[in-house]
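# Understanding the architecture of this molecule
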Amino acid sequence: MSPNLPSAGRPLTPGRWLLAGLLAAALFLVGMESEAVFAALTRGWQAVFEQLGQGGALARLQQGTSHLVTTRSLPAMATYGLLYVAGCLLLLHVLLRDGRRTRWAAQVYLGLLGLCVLLLLGGRLGGNIAWAYKLGRRIIDFVISPLPVMILLPVLWPGSRRVLK
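A brief look at the structure comes next.

Analysis parameters
Residues numbered from 1 in each chain as written. Predicted model: local features only at pLDDT ≥ 70, side-chain atom pairs only at ≥ 80, totals over all residues. Heavy atoms only, no water. Helix = DSSP H or I, 4+ residues; strand = E, 2+ residues; numbered from the N terminus. Contact = heavy atoms within 4.5 Å. Areas by Shrake-Rupley, 256 points an atom, 1.4 Å probe, with all protein chains shown as cover. Salt bridge = Lys/Arg side-chain N within 4 Å of Asp/Glu carboxyl O. Buried < 20%, exposed > 50% of the residue type's maximum accessible area, 1.4 Å probe, protein only. Phe/Tyr/Trp six-rings, centres within 6.5 Å; stacked < 30°, edge-to-face > 60°. Lys NZ or Arg CZ within 6 Å of the ring centre and 35° of its normal.

## What about the overall build of the protein chain?
Broken down by element type, the protein chain carries seven helices and zero strands. When the helices and strands of the protein chain are read in sequence order from the N terminus, they spell out α-α-α-α-α-α-α. Partitioning the contacts of the protein chain with sequence separation of at least 6, the portion at a separation of at least 24 is 66%. For the protein chain, the accessible surface area stands at approximately 10500 Å², while carbon and sulfur atoms represent 68% of it.

## Describing the pattern of salt bridges
Under the criterion given, the structure shown has three salt bridges. Notably, a salt bridge pairs aspartate 98 with arginine 101, separated by 3.2 Å at the nearest N-O pair. The residues aspartate 98 and arginine 101 share a single accessibility class, namely buried. Aspartate 141 is paired through a salt bridge with arginine 137; the nearest N and O atoms lie 2.5 Å apart. Highlighted residues: aspartate 141 and arginine 137, both in helix 6 (residues 130-143), separated by four residues, approximately one helical turn.

## Things to note about the packing of aromatic side chains
Scanning all chains against the criterion turns up three aromatic pairs. Put simply, the rings of Phe38, Tyr80 and Tyr84 pair up and form one aromatic cluster. In this arrangement the basic side chain of arginine 97 is found over the ring face of tryptophan 157, its NZ or CZ atom lying 5.5 Å from the centre.

What follows is the structure in structure tokens.
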């Protein structure tokens, strides 16, 4: 291989394969043990809110949340989602080896999360519109799963598209 080839044109090194395998295994384990992870995050956020003297604020925040969106702690759910998405983006970056492709993947994730926020806000402002909550919840379930990685990886894989001249 020529040293002048872009990094996306070179084969993955064994170190990158190992790192990708470890990240994939960690994401798999977090997904399999999500109840334990949510329980730990919930306890952690409760402790933070209690230390700040805002234990009641956490309960009030949860009361205003539709059961169609989540029955879990909102801070725990947001933390889990952000960490899971960050892990997925890191895995994609390790495999794609290209910052531009990683930015495209991040934009897809941000677009989906933005759509979800719009649906949830619209459902709330529209007087608890059930279909908006349900669709927003489905998008959350999709984003916090391995499916976006499984779709984005082959689409963004170097050499998967021919350049038309």
